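Secondary and tertiary structure notes
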Amino acid sequence: MKMVVEIKLGDIVRLKKSHPCGSYDWEVVRLGADIGLRCRGCQHRILMPRSILERRIKEFISRGK
């Protein structure tokens, strides 16, 4: 059975692969089927499907609200 990762607005997550700017840390800025993320290094914003994000999360740096 697949375990669901609870993702909250404002969470800071560390992903397995780095962004081209060199940062591994992202802030969750939008929730839904697609999760909005903002790079903590260069402030670039992306949308990533929830299923892919759950596989790419390495750890939670801090939890949001």
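Residues numbered from 1 in each chain as written. Predicted model: local features only at pLDDT ≥ 70, side-chain atom pairs only at ≥ 80, totals over all residues. Heavy atoms only, no water.

**Some details on the side chain of Asp11**
- Residue position: Asp11 is located in the segment before β1 (12–15).
- A polar contact is formed between the side chain of Asp11 and the backbone nitrogen of Lys8, at a distance of 2.9 Å.
- Excluding residues that lie within four positions of it along the chain, Asp11 makes contacts with Glu6, Trp26, Glu27, Val28, Phe60, Ser62, Arg63 and Gly64. (Helix = DSSP H or I, 4+ residues; strand = E, 2+ residues; numbered from the N terminus. Polar contact = N/O pair within 3.5 Å; in protein donor to acceptor, adjacent residues only side chain to side chain. Contact = heavy atoms within 4.5 Å.)

**With respect to the nonpolar core**
- Membership of the largest hydrophobic core is limited to 11 residues, which are Ile7, Val13, Leu15, Trp26, Val28, Ile35, Leu37, Cys39, Met48, Leu53 and Ile57.
- Sorting the residues of this core by element identifies β1, β2 (25–30) and β3 (34–39) as the ones contributing at least two each.
- Considering each element in turn, this core owes the most residues, 3 residues, to β3.
- Apart from residues lying up to four places away in sequence, Val13 is in contact with Tyr24, Asp25, Trp26, Ile57, Glu59, Phe60 and Ile61. (Core = buried A, V, L, I, M, F, W, Y, C linked by side-chain atoms within 4.5 Å. Buried < 20%, exposed > 50% of the residue type's maximum accessible area, 1.4 Å probe, protein only.)

**Notes on the packing of aromatic side chains**
- Following the criterion strictly, the structure yields 0 aromatic pairs and no others.
- Above the ring of Phe60, the side-chain terminus of Arg63 is found at 4.0 Å from the ring centroid. (Phe/Tyr/Trp six-rings, centres within 6.5 Å; stacked < 30°, edge-to-face > 60°. Lys NZ or Arg CZ within 6 Å of the ring centre and 35° of its normal.)

**Focus: the side chain of His19**
- Note on placement: His19 falls in the loop between β1 and β2.
- Given the relative accessible area of 15%, His19 is considered buried.
- Here His19 is in contact with Trp26, Cys39, Cys42 and His44, once residues within four sequence places are set aside.

**A word on the environment of Ser51**
- As for its placement among the helices and strands, Ser51 is situated in helix α1 (residues 50–56).
- Given a relative accessible area of 35%, Ser51 falls into the partly exposed group.
- It is 9.6 Å that separates the C-alpha atoms of Ser51 and Val5, two residues lying 46 residues apart in sequence.

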